Amino acid sequence: LKLPDATWRELTAVQVALGTEHHATAFGLWLTHFPSLTRALTLMTLLLESCAPFLLFLPFSSTLRDRVRVALIAAFTVFHATTALALHLGYFPVVSVLAWLVFLPASSWSRLGVPTRAGVDVDRGRVRAVVSAAAVIVVVASNLMSVFPSSIALPAPMLRAARALAMQQRWVMFIKPMHDGWLVAPARLADGRDIDVLRHGDPVSWAKPAVVADDFPDMRWRKYLTDLSTERPGERRRRFWFARSICRNYNAGITDPSARMLSVDLVFMQHDAGVPLEKRVLEHHDCARFTGDEP
């Protein structure tokens, strides 16, 4: 999924990802000043993600296998810690590191003073074996569908079951550059003032914030608001309902007609690397016009 994109082939993907300002921290933006380092990090990312599955399951001797697994866990822990410092990714790095602990050998737990037990009996019943094999096939096939959508397809009932059980996987995180920029929500009040409702009612400013990612209260708001700037199915309706909620929440309890909100816009200041700044009006909402109808 990564290699077809030119940024990964040219080893600039980490540089581009850290330059995506609605995700980057101040530390991540600082790293973009060192292109040689980010090229090395891109290459290391590709090598780690390509080699890890094979190294985890190759039939080494038990001692070598344990050492390889500990080395991989240490490498990915450093990898996820670095991404957590450079990018706002919510709980993703923490959950990823915890998931790697599944592969930590018993010998390592023993050194840490954690009791372990040996000789666990494995149930080799035929039904469980068949169910487990089918689950593995579905997971592998769903991964391959992401890469070869026109060549590989699961039967419709199996695909529905995989989706219901959250077994369908698609690893699209940072496989290609995302649109970059920041959101502005200018609202017109009845007294003629214009305020930015995303910035606590401050006067409207179209200038880029010092650190764009710091504009979002938390990871959920970052995901929600940045998704509004995309043209994926359903985003137009979400823009409508978000703008409508802004009007409703602002005007709730206001009795002075001159202080009420008349309209609000959602504007994405799109500023992709190497492309002139583009001012995209995502939604214009008349607070008095819409009282319950969907767009």
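Just above, that's the structure.
Residues numbered from 1 in each chain as written. Predicted model: local features only at pLDDT ≥ 70, side-chain atom pairs only at ≥ 80, totals over all residues. Heavy atoms only, no water.

(A) How the structure looks around the overall build of the protein. Helices and strands together make up the secondary structure of the protein, namely 11 helices and six strands. Rg of the C-alpha trace for the protein: 25 Å, well past the compact-globule value of 19 Å for 295 residues, more than 25% over. Oriented by its inertia axes, the alpha-carbon framework of the protein measures out at about 75 × 50 × 45 Å. A buried classification covers 34% of the 295 residues belonging to the protein. Of all intrachain contacts in the protein linking residues separated by at least 6 positions in sequence, the fraction that spans at least 24 positions is 61%. (Helix = DSSP H or I, 4+ residues; strand = E, 2+ residues; numbered from the N terminus. Rg over C-alpha atoms; globule rule 2.2 N^0.38 Å. Buried < 20%, exposed > 50% of the residue type's maximum accessible area, 1.4 Å probe, protein only. Contact = heavy atoms within 4.5 Å.)

(B) Structural detail: the pattern of salt bridges. Applying the stated criterion to the full structure yields 11 salt bridges. Here Asp66 makes a salt bridge to Arg65, at a shortest N to O gap of 3.5 Å. Residue Asp66 is classed as buried on the basis of its relative accessible area, which comes to 18%. With its nearest N and O atoms 3.2 Å apart, the salt bridge here joins Arg239 to Glu231. A relative accessible area of 6% means that Arg239 is categorised as buried. (Salt bridge = Lys/Arg side-chain N within 4 Å of Asp/Glu carboxyl O.)

(C) The environment of Cys247, seen in detail. Inspection of the secondary structure puts Cys247 in helix H11 (residues 235-251). Each C-alpha atom of the pair Cys247 and Trp182 lies 21 Å from the other, and the pair is 65 residues apart in sequence. Not counting residues up to four positions away in its chain, the partners in contact with Cys247 are Met261, Val264, His285 and Cys287.

(D) Here's a closer look at helix H5 (residues 62-86). Taking 1.5 Å per residue as the helical rise, H5 with its 25 residues ought to reach 36 Å, and the 36 Å between its terminal C-alpha atoms agrees with that figure. Looking only at H5, the buried set comprises Asp66, Val68, Arg69, Leu72, Ile73, Phe76, His80, Thr83 and Ala86. The secondary structure elements touched by the buried residues of H5 are helix H2 (13-18), helix H3 (26-31), helix H4 (35-57), helix H6 (92-100) and helix H7 (106-111). (Expected span 1.5 Å × (residues − 1).)

(E) Geometry of the layout of surface pockets. Volume-wise, the second largest pocket comes out at about 910 Å³. Taken together, 22 residues form the lining of the second largest pocket, with Val172, Met178, Lys223, Asp227 and Arg232 sitting closest to its centre. No other element matches helix H10 (residues 219-228), which puts four residues into the lining of the second largest pocket. Considering only residue class, the lining of the second largest pocket consists of 10 nonpolar, six polar and six charged. (1 Å grid on protein atoms, 1.4 Å probe; cavity = no way out; pocket = protein on both sides within 12 Å on 5 of 7 lines; lining within 4 Å. Points joined across faces, edges and corners; volume = space filled by probe spheres on them. Nonpolar A, V, L, I, M, F, W, Y, C, P; charged D, E, K, R; others polar.)

(F) Broad picture of the packing of H5 against H6. Running from N to C, H5 and H6 point in directions that differ by 175°, and their axes come no closer than 9 Å. Between H5 and H6, the angle is such that the two are roughly antiparallel. Listed contacts from H6 to Ile73, Phe76, Thr77, His80, Thr83 and Ala84 of H5 are Phe92, Pro93, Ser96, Val97 and Trp100. When grouped by side-chain class, the residues that make up the contact of H5 with H6 number seven nonpolar, four polar and no charged. (Axes fitted to C-alpha atoms, helices over the stretch in contact; angles between N-to-C directions. Parallel < 35°, antiparallel > 145°, perpendicular 65-115°, else oblique.)

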